[in-house]
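# Reading the structure
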Amino acid sequence: MSVSVVSILNQQGWNYKLSYEGVSIIAPTKRHATHLAQNYGYALTETAAKIKGKVRIGWKGCKQPIVFYEWMASHELPTPVETSERILTVEGAIFCSQLRLPVELLRRIVAAAENESPVSIVRQDDRKQIIVNQPMADMLQTPPETATQRVMTKFWLPEDLAELEQRLRNEGRFTWTYSGGLNERTWAILTTRFETFEVEGVWYRQGTCLASPQLIPIPPEILSQA
């Protein structure tokens, strides 16, 4: 692990141990765990890759720890040599609201359909979520026809959305733990790997959810806008 992460783990209230599965971190509180995952996600993912295991972050009373897996550091999109036969024989379901699909965006769709984790793609110019795979539709508890018509600004805290877009411009790809709306009635803590990509002059962001959502009350500022 990086020096900065180790220095945090050596502080009072923190604990960690090694096992055959990887590293298990116990944070003083859920807030501390979320802060560690949000600010050091890249380092934790790299650690999981180096030990060929996983890094779990839990806390007292935790039922759903935040987990960084080995494959998060090495997961690659399909290469340009993907064939039409491979595209046509993918099992699973994918939902898209965009009629014209450039080849590179189609490759992204194939990768999303093959991914067991929830995946969505948002078009950056209008913040519209245009693609979800079946695991994402299930996680959002929303019909895919509705999910692929959403303008995602409604499901973010304004300050978090501003930080997301700044990090996309500056970093391009990163893992982040934050709070967001699954639907109009449900809010959760989410850990997502984000990346931005461009196809024929149009910019998109892809989000892959890496851990089970942890339900929380809807923030007051969101309720006041309802």
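The structure displayed is predicted, hence computed values, not measured ones.

What counts and how
Residues numbered from 1 in each chain as written. Predicted model: local features only at pLDDT ≥ 70, side-chain atom pairs only at ≥ 80, totals over all residues. Heavy atoms only, no water. Helix = DSSP H or I, 4+ residues; strand = E, 2+ residues; numbered from the N terminus. Buried < 20%, exposed > 50% of the residue type's maximum accessible area, 1.4 Å probe, protein only. Contact = heavy atoms within 4.5 Å. Areas by Shrake-Rupley, 256 points an atom, 1.4 Å probe, with all protein chains shown as cover. Pairing = 2+ DSSP bridges. Axes fitted to C-alpha atoms, helices over the stretch in contact; angles between N-to-C directions. 1 Å grid on protein atoms, 1.4 Å probe; cavity = no way out; pocket = protein on both sides within 12 Å on 5 of 7 lines; lining within 4 Å. Points joined across faces, edges and corners; volume = space filled by probe spheres on them. Expected span 1.5 Å × (residues − 1). Bend = angle between axes of the 7 residues up to and from the residue. Salt bridge = Lys/Arg side-chain N within 4 Å of Asp/Glu carboxyl O. Phe/Tyr/Trp six-rings, centres within 6.5 Å; stacked < 30°, edge-to-face > 60°. Lys NZ or Arg CZ within 6 Å of the ring centre and 35° of its normal. Arc of directions from axis to C-beta.

### Focus on the overall build of the protein chain
Scanning the protein chain from terminus to terminus reveals 8 helices and 11 strands. Burial analysis of the protein chain (226 residues in total) assigns 49% to the buried set. Looking at the protein chain alone, contacts between residues at least 24 apart form 53% of all its contacts between residues at least 6 apart. Surface accessibility of the protein chain: about 12100 Å² in total, with carbon and sulfur atoms responsible for 52%.

### Some remarks on the sheet that holds strand 3 (residues 54-59)
Spatial ordering of the open sheet is given by 1-2-3-4, a layout of 4 strands whose pairing is mixed. With partners counted over all chains shown, the strands left at the sheet margins are strand 1 (15-19) and strand 4 (66-69), one partner each. Ignoring which end each strand starts from, the neighbouring axes of this sheet average 15° apart. In the sheet, strand 3 pairs with strand 4 via 4 bridges, with the strands oriented antiparallel. Across the sheet, Ile-57 pairs through a bridge with Ile-66, a residue of strand 4.

### Concerning the layout of surface pockets
Roughly 300 Å³ of volume is contained in the largest pocket. Forming the walls of the largest pocket are 13 residues, and the residues nearest its centre are Lys-154, Phe-155, Asn-183, Glu-184 and Ile-222.

### Brief notes about helix 2 (residues 30-51)
Under the 1.5 Å per step criterion, the end-to-end length of helix 2 is only 25 Å for 22 residues, more than 12% shorter than the ideal 32 Å. Along its length, helix 2 shows its largest kink, about 85°, at Tyr-40. Taken as a whole, helix 2 has its buried residues at Ala-33, Thr-34, Leu-36, Ala-37, Gly-41, Ala-43, Leu-44, Thr-45, Thr-47 and Ala-48. Phi turns positive one or two residues past the end of helix 2, at Lys-52, with a value near 55°.

### Observations concerning the pattern of salt bridges
Enumeration over the complete set of coordinates arrives at 7 salt bridges. Among the ionic contacts, a cluster of salt bridges with common partners joins Arg-123, Asp-125 and Asp-126.

### Focus on the packing of aromatic side chains
For the structure shown, the criterion picks out 8 aromatic pairs. Look at Trp-156 and Tyr-178: their rings are 4.6 Å apart centre to centre, the planes differ by 5°, and that puts the pair in the stacked class. Of this pair, Trp-156 sits in the loop between helix 6 (144-147) and helix 7 (158-170) while Tyr-178 sits in strand 8 (residues 173-183), and the two are 22 residues apart along the sequence. With respect to burial, Trp-156 and Tyr-178 carry one shared label: buried. Among the aromatic side chains, those forming a connected cluster through ring pairs are Trp-156, Phe-174, Trp-176, Tyr-178 and Phe-194. Over the aromatic face of Phe-197 sits the side chain of Arg-108, whose NZ or CZ is 3.7 Å from the ring centroid.

### Re the environment of Cys-209
Topologically, Cys-209 is positioned in strand 10 (residues 202-209). The spatial distance from the C-alpha of Cys-209 to the C-alpha of Thr-191 is 5.9 Å, given a sequence separation of 18 residues. Non-local contacts of Cys-209, meaning those with residues more than four positions away in its chain, are made with Ser-117, Pro-118, Met-139, Leu-190, Thr-191 and Thr-192.

### Quick notes on helix 7
With 13 residues, helix 7 extends 18 Å between its outermost C-alpha atoms, agreeing within 8% with the 18 Å of an ideal straight helix rising 1.5 Å per residue. Every buried residue belonging to helix 7 is among Asp-160, Leu-161, Leu-164, Glu-165, Arg-167 and Leu-168, and all of these are buried. Buried positions in helix 7, seen along its axis, are confined to an arc of 160° and lie on one side of it. Of the residues in helix 7, the exposed ones pointing more than 90 degrees away from the buried face are Arg-169 and Asn-170. Buried residues belonging to helix 7 abut helix 2, strand 8, strand 9 (186-199) and strand 10. Two residues or fewer past helix 7, Gly-172 is found with a positive phi of approximately 80°.

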